[in-house]
Amino acid sequence: MTRIAILFLASLASAAPPVLTSLEPWGAQRGKALTLTLKGQYLPEGAKIVSTLPAVFTPLASEAAGKTLPYLVEIKPDTPVGLYPVRIQSPGGISNILLFSVGTFPEMKEKEGNDSAETAQKLSQTPLIVNGTLKSADRDFYEVYGKAGEKRVFEIEARRMGSAIDPSLRIYDSAGKLLTRVEDTAGLGVDCRVEFTFPKEGTYKVEVREARFSDQASNFYRLKMGSYAYATAVYPLGWNRLKDVDVELSGGNLPAPVTVKPLDGMVHLPGSTASLPFPFVQSDLPEMLEPVNDARPRYLPANTVMNGRIRKAGEIDRYSFSVQEGKTYLVEAEARAGGVSQLDALLTVYGINGDRIESAGDKPPKQAVNAFIVAGDYSRDPYLVFEAPKGATQVTVAVEDLNGAGGAAHAYRLIAREQKPDFEVSLSTPYVNIPSGGTAIAVVNVERRGYNGDIRLTVKDLPKDIAVAGGTIPAEIPDIDTRQVSRRGVLTLTAKAGAPARTLDLTVIGEAKLEDGTRIERRALGPGMQTNIRGSFGFVDSSRRAIRPFEATWLGLALPAMVGTESNGVLEVKVPGRVRIIQGMRYDFPWTFVSKTPGMQLPSVVTPDTPGGRDLRISDGNKRQPGKGLMTMNTTIGTPTGTFDVILSTRTGMGMNDEVVYAPAITVDVVQGYDVGVPKQDGLKLFGTIRREDGFSAPVTITPDALPLGVVCPSVEVGENGTQYAIECQASKEAPVGEHMILLNAASILPQGEKGKVPYKIAPVEAKLRIGK
Amino acid sequence: MRFLVPLLVTPALLVGAEPLTFLKDVMPVINKAGCTSGPCHGAAKGKNGFKLSLRGYDPEFDYEALLYDLSGRRFNRADPARSLMLAKPTMEVPHGGGLRFEKDSRYYKIILEWLRTGAQFGDPAKDKVVKLEVSKSEFFFEKPGAKEKIRTTAHYADGSTRDVTAEASVTSNTPDIAEVNAESVIETKRKGEAALLVRYEGKFVTVPLTVLNPKQGFTWAALPQYNYVDQLIDAKLKKLHIQPSGLASDAEFLRRVSLDLVGVPPTPKELRAFLAEPGDARTKRARAIDALMKRASFVDHWTVKWGDLLQNSRRYLGDKATWGFREWIRDSIASNKPYDKMVRELLTSRGSAYENPAANYYRVMREPKLSMEKTSQVFLGVRMVCAQCHDHPFEQWTQNQYYQLSAFFAAVGLKPGYETGDEILYLKRDDNIVKHPKTGRTMEPQYLIASIGAPPIPQGGDRREALAEWLTSKNNPFFAKAIVNRMWSYFFGKGIIDPVDDIRASNPPVNEALLTALTKDFVERGFDLHHLIRTIVNSRAYQASIDANEWNEEDHINFSHQAPRRLSAEQLQDALFIATGSRPKFPEVPEDTMAQQLPDPHIGKDGFLDLFGRPQRESACECERRTDLSLPQALNLVNGGDIATAIGDPKGAIAKLITSGVTDRQLIEELYLGALSRVPSPAEYDHAVTFLKKGDSRAARAQDLLWALVNSKGFLFNR
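Thresholds applied
- Residues numbered from 1 in each chain as written.
- Chains lettered and ligands numbered in written order.
- Predicted model: local features only at pLDDT ≥ 70, side-chain atom pairs only at ≥ 80, totals over all residues.
- Heavy atoms only, no water.
- Core = buried A, V, L, I, M, F, W, Y, C linked by side-chain atoms within 4.5 Å.
- Buried < 20%, exposed > 50% of the residue type's maximum accessible area, 1.4 Å probe, protein only.
- Helix = DSSP H or I, 4+ residues; strand = E, 2+ residues; numbered from the N terminus.
- Contact = heavy atoms within 4.5 Å.
- 1 Å grid on protein atoms, 1.4 Å probe; cavity = no way out; pocket = protein on both sides within 12 Å on 5 of 7 lines; lining within 4 Å.
- Points joined across faces, edges and corners; volume = space filled by probe spheres on them.
- Nonpolar A, V, L, I, M, F, W, Y, C, P; charged D, E, K, R; others polar.
- Phe/Tyr/Trp six-rings, centres within 6.5 Å; stacked < 30°, edge-to-face > 60°.
- Lys NZ or Arg CZ within 6 Å of the ring centre and 35° of its normal.
- Disulfide = S-S within 2.5 Å.
- Pairing = 2+ DSSP bridges.
- Axes fitted to C-alpha atoms, helices over the stretch in contact; angles between N-to-C directions.
- Polar contact = N/O pair within 3.5 Å; in protein donor to acceptor, adjacent residues only side chain to side chain.
- Buried area = accessible area lost by both parts, 1.4 Å probe.
- Salt bridge = Lys/Arg side-chain N within 4 Å of Asp/Glu carboxyl O.
- Parallel < 35°, antiparallel > 145°, perpendicular 65-115°, else oblique.
- Left-handed = near helix turned anticlockwise from the far one by under 90°.

K.L.:
Is there a simple way to explain the nonpolar core in this structure?
P.N.:
In a soluble, globular protein the nonpolar side chains are often hidden away together inside. Residue and element names in this part refer to chain B. Counting residues in hydrophobic clusters, the biggest one holds 148 residues, and the most contacted among them are Leu261, Trp306, Tyr339, Phe379, Trp488, Phe491 and Phe715. For this core, the element with the most residues is helix 19 (residues 479-492), which contributes ten residues. Among residues more than four places away in sequence, those in contact with Phe379 are Trp306, Leu310, Tyr339, Val343, Leu346, Leu347, Tyr361, Lys374, Leu471, Phe478, Phe479 and Ala482.

Structure below.
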């Protein structure tokens, strides 16, 4: 949140949290004044603009109250070219972020009706940026004029700015012949850029279309045209945030590489260029540059980032890395997934004899092998974990491109270190608005790195008038046969009634305790902003599949929050914050919606979310009625014991005016109905106790098993609510003298749920049976 | 025992008094008796617990099965005559396959003698058949009703020969022209051409057979020959006493060539301009061909065909990659990329499918065997699928070859790309081998056939590079021939070899000289597809009328006249847009996107296009595109919403014509030109004028007239 400064404060009016859907325009020329209209929902006049944009914002009168907020914006002339977050703060809360682009070229707006080459919009000016939109299967045509041999850069800013558009650009001659076509340009994600040389003097048509002709809610683009410098390669990709470094920019249309200093996590081309800056990684670790022209073996120190580059096709960078036999190490690369490098990194660790120990980056996810690609799948930069082989003191770490490519844009960051079981957490919730007296949620995802146990989410330094609940991420079982994935957790944040309105920067922490007793904490970074992208049809069943939403993690935000005004109502669940459920039994969650808005239509449907819960069913039964109901959770005797959260929510209102109201998370412990205590022995009599969970009263039958030859121990039944058992064994003369391990099998029936159908067995109890002479 | 041999077997069986061997003597008997046939013990699971290889492709396996399976119960060593392998086929014990030979038959004696003399397997270096020879390389009969025996000689590896007429299998591919009985006697039935397939011990030879038209009075009337295509077709027609048809009219030609080159019929304006153009037919037609091939719609039309073959579909690739792959195909066609280069790019593709759309080729198949099957079928015209389980029954392809060829693709790996929906093709370092399913042996890659200049296959790295070089080589006897044949079929409705993706010795070309010449020309011109297309469509044969004469009316294979072809689904839909003047409005694409500009079968799914046979691109077989006629199609044409909406379009042709105040004759002519690409005959004018005057609404009558035209054969067929 340090990047965002509050620029303007005005009176607060509306109750619902504001939502921004678009800006008009999406960018401007620096040093110029313009009218910027924010569009969306619940935009009260006088709301605060929160932005890092170095500009003066003066509110103007809105012609569509609540839906638009016009401002007169004066952008400072020395504003660096780049993208700036803009959000609104109102009494209802803070809005989502949209990105505003500041450039060096004049700007104009697309004139609709330019859907064909014949009706192309004439652009007489150059350089220029056109702000346009693509609605569904739309094509936008522009007519430009060029001289023979003239070079001009055509670039589209869209996805980089949070538009859902995946743009494609084509240039035709006056006869309609396609001269060039460009889609995803290296380093620009799905955005595109081409430097075009006009073959002869005349008019040309420039077409902008969506690569899939998909229909997106956020459908804007910025077509940039002009003669400007741009680079395609950055090296290194990042550096220690406290240390000075020279960064080389090269490629593109630069005649020679240039060296610059990074600024606030960005690398700008010097001079008056129209190019957006490259994001630059800022780390807290020591950093090194790959030795060049050094004949000595390269050494990769632990916990140090090695910045390297695969300079030519087929090149392999090799490093020696010191290890100790039996210890586990992590090797990790940052490359293409960061969006700047073109290196599809392949990591390989070789032993001293050249044996391949482990590799990463050359394997598909298991579900993708011999199956159709899962539409939501995408590759990340590789990492691998390996155990140092016997006798090894060093290994070789090799970095290369998966397909043998190389060049200036094939940079990487490489780190190796001893790896203890670990995990990383990240927020998929970009911000939260906590209603005064109400509840909001934050969703956290976990990437497990050798640690498969429970993870507890919490919020650091939480104010006293805000309570946190939930945040349980149960252990997962990595075994291939019984694989149970648990990588998502939900925290609920509840503000006390009357909690004062204010903004907060919340820090979400994932905590875990390792087997050796070590406690580890990992801080979650937020996505900054999110744009949902409508997915693709196809992939086997022709249904629409999700596409990874756009996120702007480079904003460096954790969890911006605001305590706002009350919501429409409160969802109350009349159970304790932590409940115990016996395997196979049912638990009821009666709920009530307490309206704060007179006359509102009360919700009758409540939706459950049980992150990490397994083998259970939760439904709203048949007691549903407006304003109250009963959610019932059914477990089975196969439901594993453990802890997870139940988050109930309901939706009030309709369409754009709806609001999701949450109840504080309820933590559920699924427990065994009874335990059989290890018996004591008196002669040949075994006696012990049965511990019963509250509510479990059924008879329990205990059957001794694995008895020594010549020993007979009959089954015994412990009656309803009984807690003591005694087993009279008999031993023949052949029975071997001594102490023997036997098993006590216990079975019961459930008092509800699956009662009478399936025996409710628990794991056998090991006991000792002594046979005397 | 050896002294008994002469008493038991005929001298013919004892060549040089060598002991009989399984390989040379017994296997032919077992095959001829039908024991190894598909319905009997050659079935995938054998029959009643006894399995032999299909048609005896694996003699080692069969030898083991006969002598050692069931603990050797099939071979009674103490008393060979009581062996089960003799008792069963002679029905001494019950046999589900019935009587295969009598006890006193030659076959019985051969097997018995073989058993008695030690049941030797034989030496493959000596006893394997290396070549078959038949009594004639071509059979030519003056008239039906003639008979002639075909004699077959086997040449062995040791240089010896044997008359194997009795055991050889001879079949005719067209029995209603010529039949062959069990004694290898040919009997001709009617005029025409057939191919005889002679098989013996895994070797085969194909022999063409011709029965001339017995009708008297044929006189060859030479027609102009536009290029070598006509020379080679005429040469064969003359020999067969078939008189080719003359040229189609200019109007017929322009409609045909427009549909074949750019996928849509000419507009009335284009047709009028062409008809009014001065000059001889050959010259102006050549000009029209050149002009059509420069159109963007030329690229659209051929993109559909390649999209079918390469199975470009979001079902496999997702929507973005489907659009990208389509652009790659379009670029290849528009730039007239040499065909060998285009195929090399597909076969050796690597990296992101978004960045290198050629990599989408592998995303459809996803595993080595399917990649190999598709590659061989699409680019070589060879169907290898049979050889996955056993050696090909009618071809030279073996099961080993199936896995050896698959091994070229073993290292192809796919992983998700860095953008959702993308995949990256890379070479796997693990799990990158193909094993033989029977032996478990790792199969090293081998070319299907050796060809001159084939590169050595590297031990590691991307072995697809070597495969691509071999496959696209001008010396590869299949590669160029397959595409030439396929392209030919697009202009004549059938290939010179048909089906086009089933090139094999037992399916010979109907005009080998023609196919050879086209292939040679194609290769010499640097695998230039545009040149090939020009050569074909500039021929008189292509431009011939569909009307037959008394000498070619029964010829349907020698290209003596053109044949009407039903328009493809996309052609039909786009022709409807042109005839009715309505605008295409498919979902998920910009307005005015024509049917042939759609990227894949997802758009407009389950609608008009699918009804008329648009393939779902689930296989690379041309056969997936249906051009049949069905009742639902007829009902749709007669009463379907697509036709009615197009004809009744308020901005369509009829609305414009009526509001422009044209006369009845002008209206009628325009509708005929738009729908049928021709002016109406005087009688048609008269009927139509009368019809238009009958009702209150001239527009409604005009709509009915147009409806009738689009329901006529003239509209539905490319003639």
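K.L.:
In this structure, what is going on with empty space enclosed by the protein? I would like to understand it.
P.N.:
The probe, sized like a water molecule, is rolled over the atoms to show the empty space still left. Residues and elements named next belong to chain B. Under the defined criterion, the tally for this structure stands at five cavities of 30 Å³ or more. Taken as a whole, the largest cavity spans an internal volume of roughly 110 Å³. For the lining of the largest cavity, the secondary-structure elements that each account for two or more residues are helix 12 (296-309), helix 13 (314-334) and helix 21 (529-537). Here the second largest cavity is characterised by a volume of approximately 60 Å³. Among the residues forming the lining of the second largest cavity, the class breakdown is five nonpolar, one polar and six charged.

K.L.:
Sorry, what's going on with the packing of aromatic side chains here?
P.N.:
The description of an aromatic ring pair uses the distance of the two centres, along with the angle that the planes make with each other. One pass over the full model with this rule turns up 49 aromatic pairs over all chains. Measuring from centroid to centroid gives 6.2 Å for B:Tyr339 and B:Phe522, while their planes differ by 50°, and the two rings are tilted. Placement of the pair is B:Tyr339 in helix 14 (residues 339-347) and B:Phe522 in helix 20 (residues 512-524), with a sequence separation of 183 residues. There is no split in this pair, since B:Tyr339 and B:Phe522 are both buried. Members of the aromatic cluster, each reached through a chain of ring pairs, are B:Phe298, B:Trp302, B:Trp488, B:Tyr490, B:Phe491, B:Phe492, B:Tyr542 and B:Phe559. For A:Arg449, the ring lying beneath its charged end belongs to A:Tyr383, and the centroid distance is 3.9 Å. Sitting over the ring of B:Tyr156, B:Lys24 keeps its end group 4.3 Å from the ring centre.

K.L.:
Sorry, what's going on with the state of the cysteines here?
P.N.:
Joining two cysteines, a disulfide is a covalent bond between their sulfur atoms. Taken as a whole, this structure holds two disulfides over all chains when the rule is applied. Each disulfide pairs two cysteine sulfurs, and for A:Cys713 the partner residue is A:Cys729, the sulfurs being separated by 2.1 Å. Residues A:Cys713 and A:Cys729 are joined through a disulfide that is right-handed, its torsion about the S-S bond being 115°. Separated by 16 residues along the polypeptide, A:Cys713 in the loop between strand 62 (711-712) and strand 63 (716-718) and A:Cys729 in the loop between strand 64 (724-728) and strand 65 (730-731) bring together distant segments of the chain. Given the relative accessible area of 8%, A:Cys713 is considered buried. You can call A:Cys729 buried: its relative accessible area is 5%. There is no disulfide at B:Cys40, and the cysteine sulfur nearest it, in B:Cys35, is 7.3 Å away. Judged by relative accessible area, which is 22%, B:Cys40 ranks as partly exposed. Free cysteine: B:Cys389, not disulfide-bonded; nearest cysteine sulfur from B:Cys386 at 8.7 Å. Overall, the relative accessible area of 53% leaves B:Cys389 in the exposed class.

K.L.:
Just to check I follow, could you spell out the pairing of strand 66 (residues 738-748) of chain A for this structure?
P.N.:
Along a regular strand, successive side chains alternate from one face of the sheet to the other. All names here are of chain A. Pairing between strand 61 (residues 700-705) and strand 66: six bridges, direction antiparallel. Paired with Val700 across the bridge in strand 66 is Ser748. Bridge analysis of strand 66 against strand 67 (residues 760-771) gives ten bridges, and the strand direction is antiparallel. By the bridge assignment, Glu739 is partnered in strand 67 with Arg770.

K.L.:
What's the story with the sheet that holds strand 8 (residues 185-188) of chain B in this structure? I'm lost.
P.N.:
As a general point, the strands of a sheet are linked pairwise by backbone hydrogen bonds and lie either parallel or antiparallel. All names here are of chain B. An order of 3-8-7 is seen for the three strands of this open sheet, with the pairing classed as antiparallel. Each end of this open sheet is capped by a strand with a single partner; those strands are strand 3 (147-149) and strand 7 (178-180). The mean angle between the axes of side-by-side strands here comes to 20°, regardless of whether they run parallel or antiparallel. Where strand 3 meets strand 8, three bridges bridge the pair, whose relative direction is antiparallel. The partner of Lys149 across the bridge, within strand 8, is Val185.

K.L.:
How should the side chain of B:Lys415 be read in this particular structure?
P.N.:
Structurally, B:Lys415 is set in strand 12 (residues 412-416). Its relative accessible area of 2% is what places B:Lys415 among the buried residues. In this structure the side chain of B:Lys415 is engaged in a polar contact, spanning 3.2 Å, whose partner is the side chain of A:Asp344. In this view, B:Lys415 contacts A:Asp344, A:Gly361, A:Lys363, A:Pro364, A:Ser379, A:Leu402, B:Glu423, B:Ile424 and B:Tyr426; residues no more than four positions away in its chain are not counted.

K.L.:
Would you mind going over unusual backbone geometry with me for this structure?
P.N.:
For residues besides glycine, phi is generally negative; the peptide bonds are generally trans as well. In this chain, A:Glu24 is followed by A:Pro25 through a cis amide linkage whose omega measures 0°. Along the polypeptide, A:Pro25 turns up in the loop between strand 2 (19-24) and strand 3 (27-29). Cis geometry is found at the peptide bond from A:Thr126 to A:Pro127, where omega equals 0°. Relative to the assigned elements, A:Pro127 resides in the loop between strand 12 (121-122) and strand 13 (128-133). The phi dihedral of A:Asp461 falls on the positive side, at around 50°, and the residue is not glycine. Considering the arrangement of structural elements, one finds A:Asp461 in the loop between strand 40 (455-460) and strand 41 (466-470). Even without being glycine, B:Arg366 reaches a positive phi, approximately 70°. Mapped onto the elements of the fold, B:Arg366 is located in the loop between helix 15 (360-365) and helix 16 (368-379).

K.L.:
Hey, could you run me through the interface of chain B and chain A in this one?
P.N.:
With 37 residues of chain B in contact, the opposing surface of chain A contributes 52 residues. Here chain B and chain A share an interface that buries about 3800 Å² over both sides, 48% of which is from carbon and sulfur atoms. The largest contributions to the chain B side of the interface with chain A come from B:Tyr418, B:Thr420 and B:Arg429, which together make up 22% of the buried area. Inspection of the region where chain B meets chain A yields ten salt bridges. For the salt bridge of B:Glu355 with A:Arg336, the shortest nitrogen-to-oxygen distance reads 2.3 Å. Counting across the chain B and chain A interface gives 20 residue pairs in polar contact (both at pLDDT 80 or more). Sorting the residues of the side of chain B that touches chain A by element identifies helix 13, strand 12 and strand 13 (423-427) of chain B as the ones contributing at least two each. Residue contributions to the side of chain B that touches chain A peak at ten residues, all from helix 13 of chain B. Split into classes, the residues belonging to the side of chain B that touches chain A amount to 13 nonpolar, six polar and 18 charged.

K.L.:
Help me understand the packing of helix 19 of chain B against helix 20 of chain B, please; the structure alone is not making it clear to me.
P.N.:
Angle between the axes and distance between the axes: these two values describe a pair of packed helices. Residue and element names in this part refer to chain B. At a closest axis distance of 9 Å, the pairing of helix 19 and helix 20 adopts a crossing angle of 110°. Classed by the angle they form, the pair helix 19 and helix 20 counts as roughly perpendicular. Between helix 19 and helix 20 lies a crossing of right-handed hand. Facing helix 19, whose interface residues are Ala480, Lys481, Ile483, Val484, Asn485 and Trp488, helix 20 presents Leu514, Leu515, Leu518, Thr519, Phe522 and Val523. A breakdown of the residues in the contact of helix 19 with helix 20 according to their chemical character gives nine nonpolar, two polar and one charged.

K.L.:
Just checking my understanding: could you explain the pattern of salt bridges for this structure?
P.N.:
When their charged atoms lie close together, side chains carrying opposite charge are able to pair. The final tally for this structure, using the stated rule, is 102 salt bridges over all chains. A:Glu693 serves as the salt-bridge partner of A:Arg580, at 2.5 Å between the closest nitrogen and oxygen. Of this pair, A:Arg580 sits in strand 50 (residues 578-582) while A:Glu693 is found in the loop between strand 60 (685-692) and strand 61, placing the two residues 113 residues apart along the sequence. Linking B:Arg151 and B:Asp163 is a salt bridge whose minimum nitrogen-to-oxygen distance equals 3.1 Å. Placement of B:Arg151 in the loop between strand 3 and strand 4 (152-156) and of B:Asp163 in strand 5 (residues 161-163) is noted, with a sequence separation of twelve residues between them. We classify B:Arg151 as partly exposed; its relative accessible area is 39%. Residue class for B:Asp163 comes out partly exposed when judged on its relative accessible area of 43%.

K.L.:
In this structure, what is going on with the environment of A:Phe100? I would like to understand it.
P.N.:
Here A:Phe100 shows up in strand 10 (residues 98-103). A residue is classified by how much of its surface remains accessible, and A:Phe100, at 0% relative accessible area, is buried.

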